Amino acid sequence: MSDFSQRLEKEIKNTGKTLYYLSEASGMQLDYISKMSKGKRIPKEEERLTRLLDAMECTGNTRADLLFFYRQEKMGKSQWQCMEELIRIIQQDVVEFPQVSVSPSVSGIPDTDMTLDNIFAIMRVFEKQ
């Protein structure tokens, strides 16, 4: 069983809501929710999980943790670790070299108008994966 499914199962129990209620409230099939919590299914779209979390009335850290574990499982742990390492390297470069350009011009010489601050946009893309 994955970290995601273990945590989901625990949080479903913590809500005190039945799977039938969560099925009705989220618009998802009861069997699908059960399989997710047992580690036999994972939603293809994050929006499906978001509907379930809304039905569970998850907020704050619980919601963030479940989304984190879902994204990690969907991407795969080794790919997730590679992404985290890339983010760490990029963040380190932003701190160490805040004025270094990352946008090569047509001539191959970096343009000065695009700095490593734009790396945060790249990081947000990775975090959404």
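Residues numbered from 1 in each chain as written. Predicted model: local features only at pLDDT ≥ 70, side-chain atom pairs only at ≥ 80, totals over all residues. Heavy atoms only, no water.

Caption draft 1: View of the packing of aromatic side chains. For the structure on display, the rule yields 2 aromatic pairs. Note on phenylalanine 68 and phenylalanine 69: the rings are 5.5 Å apart at their centroids and 70° apart in plane angle, and the pair reads as edge-to-face. The class for phenylalanine 68 is partly exposed, based on a relative accessible area of 31%. For arginine 48, the ring lying beneath its charged end belongs to tyrosine 32, and the centroid distance is 4.4 Å. (Phe/Tyr/Trp six-rings, centres within 6.5 Å; stacked < 30°, edge-to-face > 60°. Buried < 20%, exposed > 50% of the residue type's maximum accessible area, 1.4 Å probe, protein only. Lys NZ or Arg CZ within 6 Å of the ring centre and 35° of its normal.)

Caption draft 2: Region of interest: the side chain of serine 37. With respect to the element layout, serine 37 can be found in helix H3 (residues 30-37). Exposure remark for serine 37: the relative accessible area of 5% places this residue in the buried category. Dropping the residues within four chain positions of it, serine 37 is found in contact with Met1, Ser5, Leu8, Glu9 and Ile12. (Helix = DSSP H or I, 4+ residues; strand = E, 2+ residues; numbered from the N terminus. Contact = heavy atoms within 4.5 Å.)

Caption draft 3: Broad picture of helix H4 (residues 46-56). Buried within H4 we find Leu49, Leu52, Leu53, Ala55 and Met56. For H4, the angular spread of buried residues about the axis comes to 160°, placing them on one side. Buried residues belonging to H4 abut helix H1 (3-15), helix H2 (19-26), H3 and helix H5 (60-75). Downstream of H4 by a residue or two, glutamate 57 has a phi angle that is positive, lying close to 60°. (Arc of directions from axis to C-beta.)

Spatial relationships are all this shows, so hold off on functional conclusions.
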